[in-house]
Amino acid sequence: MSIPMAICPKCAWFKGRRKCDFCNIQMIITDTTIDEIMDMSEKQEKELINYYIETLIKDTYDPKAREHREICEENEPSLWADYVPESSAKCPTCQSTNIQKIGTGERVVSIATFGIFSKKINKCFKCNNCGYTW
């Protein structure tokens, strides 16, 4: 018996899991199995995910959540597992909700200026209250 694939109704994370590691919400079971995914090309898998976005999760899907997940996955795979959606995020240091997303451009400038000593390498958010980045 093959394991069914599931999709996160918010960020469209597509895995054989019951709960989204990124959004921390229950995933929706699809009619696709892990065995079927193993036989698909990357292009076919992307088309299948887009199909599920347009049909199965169209009312709950948040493109910004997906974009942020993908950015965090690219920059530091371990960071996105603890991600809290920006709308409900709080600074882990001072609990302030006065936070902002660190843009790719801002990270690039910081890394170009400070190199490996940049405080923005692999960071997604900055607290406007205490300055902490995570």
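Rules used throughout
Residues numbered from 1 in each chain as written. Predicted model: local features only at pLDDT ≥ 70, side-chain atom pairs only at ≥ 80, totals over all residues. Heavy atoms only, no water. Helix = DSSP H or I, 4+ residues; strand = E, 2+ residues; numbered from the N terminus. Buried < 20%, exposed > 50% of the residue type's maximum accessible area, 1.4 Å probe, protein only. Contact = heavy atoms within 4.5 Å. Areas by Shrake-Rupley, 256 points an atom, 1.4 Å probe, with all protein chains shown as cover. Pairing = 2+ DSSP bridges.

Draft legend 1. The arrangement of the overall build of the protein chain in detail. Along the backbone of the protein chain there are 4 helices and 5 strands. Counting helices and strands in the order they occur from the N terminus, the protein chain gives β-β-β-α-α-α-β-α-β. Taking all 134 residues of the protein chain together, 33% fall into the buried category. In the protein chain, of all internal contacts separated by at least 6 residues, the share reaching a separation of at least 24 is 50%. Total accessible area computed for the protein chain in this model is approximately 8,400 Å², and 52% of it derives from carbon and sulfur atoms.

Draft legend 2. Up close: unusual backbone geometry. Positive phi is not limited to glycine here, since Ala 12 has a value of about 65 degrees. Assignment of secondary structure puts Ala 12 in the loop between strand S1 (4–7) and strand S2 (14–15). Residue Ala 12 is classed as buried on the basis of its relative accessible area of 2%. In this structure, Asn 24 is a non-glycine residue whose phi angle is positive, near 60 degrees.

Draft legend 3. Highlighting the sheet that holds strand S3 (residues 28–33). The strand order S2-S1-S3 describes an open sheet built from 3 strands, whose pairing is antiparallel. Unpaired on one side and paired on the other, S2 and S3 mark the two borders of the sheet. Sheet analysis places S1 next to S2, joined by 2 bridges and oriented antiparallel. What sits directly across from Ile 7, in S2, is Phe 14.

Draft legend 4. Fine view of the pairing of S1. Inspection of the sheet shows S1 paired to S3 by 3 bridges, in the antiparallel sense. Each bridged residue has a counterpart across the sheet, and for Pro 4 the counterpart in S3 is Thr 33. Adjacent in sequence and paired antiparallel, S1 and S2 are bridged by 6 residues, among which Ala 12 carries a positive phi angle near 65 degrees.

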